[in-house]
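# Observations on chain architecture
Here's the letter readout for the chains.
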Amino acid sequence: MQDLDFMNEAIKLALKGSVYTHPNPRVGCVITKDNTIIGKGYHKSFGSNHAEVNAVKYCLNKFGKNKGVDLLRGSTAYITLEPCSIFSKTPPCTDTILKYEIKNIFCASLDPNPAINGRGVRVLRKAGLNVKVGLLKKEAVKINEEFFFRHNKGRPFVRMKVAQSIDGKIALANGDSKWISSKESRSDVQNLRAEVDAILVGSGTVLKDNPRLNVRNSNKYKAINKQPKKIILGKIDYSTLSGLKLFKEDSENIIFSNDDFVSNHSKVIFKKLKKQNSLKQLLKELTKYEINSLLIEGGSQVFTSFIEENIVDELIVYLSPKILGNSSKNATEVISPKTLNNAKNFKILKSMTVGDDIKIIMRRK
Ligand code: AOF
Ligand code: ZN
């Protein structure tokens, strides 16, 4: 096997971390000696051991302490991300690498986390290790797209999910929207929720639907250990807060509005937005809460503002073959362009049938 194959193996391991590492990246590590794998591991869940530590443990378990230590001395590690050099929830991986005298390090990419970004590599090089950065970089960055996005762009990756009729409506005039999309689509949304760090809705939707907005029966991710944070945009009267299901769930909640709040509710953080550039301010603020990915779930006003401001990175539409007619509520009230050339436009990445609907995944052009 070659370096490339070992790094590929490390990427496969990293993917096993699935959604459970959020907001941490998925990381995999393979350790070899004389071209044979002696250790492998991955970051399994947020707050738990890092990939490198698990790979070392694997080796010590498999070969026993004495032989394991011998094998690790002078070995080569293939890691999908630069080893961390900080004490956070776990001690620095660079310490583990130095302790066991691993000699050669391949890391696919630097860690974009500003607390690390190059420091891990520097510590190891200074100690005399051979460190190479960049093997399968593109592939390794792709598995943590949203983690890189937040650190590089200073805001979360924004997904917007719309369940609409073929004539672009999201509710009847009386507000009835249960259900436009099929049962299968609604269950698919549970998977989407499991894949993000936070869900954002407008206060109108919270007051009208009193939603829970949690991950309940995702068929893809069973043991979800962390509910996405709930972000509410717009005013909610303090007196109505305790009647809302959202705030009974086990998650962090942040309300952003232009109003002043009395900020002493145990389950809610209140943030005041400036009138100008509110959404950009909101997104920037969310990075402080380690939100890599945000799912916008409605309603129409929220959809409209995010599209108007060109900050929807991915648009997911569940298109139901129903026609709701002209008195029903539009998915967006985006101002029409003067010419078709100026229309907001997305590029279709994928489309598939889900139950009675079509799911379309689009990226901004
Ligand atoms: C690694 N290996 O497997 C991972 C790394 O709070 P902590 O201690 O879990 O540290 C989180 C940070 O460590 C995270 O933001 C990212 O920069 C890095 N993740 N690093 O060497 C790993 N998961
Ligand atoms: Zn680490």
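Structural notes, computed from the coordinates. As the structure is a prediction and not an experimental result, all values here were calculated from the model.

## Considerations on the nonpolar core
- In this structure, Met-160, Leu-200, Ile-231, Leu-233, Leu-286, Ile-296 and Phe-306 are the most contacted members of the largest nonpolar core, which totals 31 residues.
- Core analysis: the next-biggest nonpolar cluster, separate from the first, contains 25 residues, Leu-81, Val-121, Leu-129 and Val-131 among them.

## Examining the layout of surface pockets
- Size it by volume and the second largest pocket reaches roughly 1,000 Å³.
- If you go around the second largest pocket, you meet 36 residues; those closest to its centre are Glu-145, Glu-146, Arg-159, Glu-314 and Arg-363.
- Mapped by element, the contributors of at least two residues to the lining of the second largest pocket are helix H7 (145-153), helix H8 (183-194), strand S13 (314-320), strand S15 (346-354) and strand S16 (357-364).
- In terms of residue count, the dominant contributor to the lining of the second largest pocket is H7 (seven residues).
- Here the lining of the second largest pocket is built from residues that sort into 14 nonpolar, eight polar and 14 charged.
- A domain-level breakdown of the lining of the second largest pocket finds at least three residues from each of domain 1 (3-144) and domain 2 (154-364).

## Concerning the side chain of Ser-300
- Relative to the helices and strands, Ser-300 is located in helix H11 (residues 300-308).
- Overall, Ser-300 belongs to the buried group, its relative accessible area being 7%.

## Digging into empty space enclosed by the protein
- In this structure the tally under the stated criterion is one cavity of 30 Å³ or more.
- Reported here for the largest cavity is a volume of approximately 40 Å³.
- Lining the largest cavity we find Cys-29, Ile-31, Glu-52, Val-56, Ala-77, Ile-79, Thr-96, Ile-97 and Ile-102.
- Counting only elements with at least two residues in the lining of the largest cavity, the list comes to strand S1 (28-33), helix H2 (51-63), strand S3 (76-79) and helix H4 (93-99).
- Here the residues of the lining of the largest cavity are counted per class, giving seven nonpolar, one polar and one charged.

## So, the coordination of the zinc ion (ligand 2)
- Listed as protein donors to the zinc ion (ligand 2) are His-50 (ND1), Cys-84 (SG) and Cys-93 (SG); their distances from the metal cover 2.0 to 2.2 Å.
- Each of the four donor atoms bound to the zinc ion (ligand 2) contributes to angles spanning 98 to 118 degrees, and the resulting shape is tetrahedral.
- On the primary sequence, the residues serving as donors to the zinc ion (ligand 2) are separated as H-x33-C-x8-C. Highlighted residues: His-50 in the loop between strand S2 (36-42) and H2 and Cys-84 in the loop between S3 and H4, separated in sequence by 34 residues.

Thresholds applied
Residue positions are counted from 1 within each chain, in the order its sequence is given. Whichever chain is written first is A, and whichever ligand is written first is 1; the rest continue in order. Only residues with pLDDT of at least 70 get local features here, since the model is predicted, and only at 80 or more are side-chain atom pairs given and counted; chain-wide, interface and lining totals rely on the full set of residues. As a rule here, side-chain values come from all non-hydrogen atoms in the structure, and water together with hydrogens is ignored. To form a nonpolar core, buried Ala, Val, Leu, Ile, Met, Phe, Trp, Tyr and Cys residues must be joined to one another through side-chain atoms within 4.5 Å. A simple rule labels every residue: compare its accessible area, found with a 1.4 Å probe on the protein chains alone, to the largest value its type can have, and call it buried under 20%, exposed over 50%, or partly exposed in between. Cavities and pockets are defined on a 1 Å grid built over the protein atoms alone: a cavity is a set of grid points where a 1.4 Å probe fits but cannot escape, while a pocket is an open set with protein on both sides within 12 Å along at least five of seven lines, and lining residues are those with an atom within 4 Å of any such point. Grid points are joined across faces, edges and corners, and a volume is the space filled by probe spheres set on the points. Runs of E in the DSSP output that reach at least two residues are strands. Runs of H or I that reach at least four are helices, and both are numbered from the N terminus. Put simply, Ala, Val, Leu, Ile, Met, Phe, Trp, Tyr, Cys and Pro go in the nonpolar bin, Asp, Glu, Lys and Arg in the charged bin, and everything else, Gly too, in the polar bin. Either an automatic procedure or a domain database provided the assignment from which the domain bounds are taken. Distances define the donors: N, O and S atoms within 2.8 Å of the metal qualify, as do those within 3.2 Å of Na, K or Ca. Water is excluded, so some sites may look unfinished. For a four-donor site, all angles between 85 and 135 degrees give tetrahedral; for four or six donors, opposite pairs above 155 degrees with the remaining angles between 65 and 115 give square planar or octahedral; all remaining cases count as irregular.

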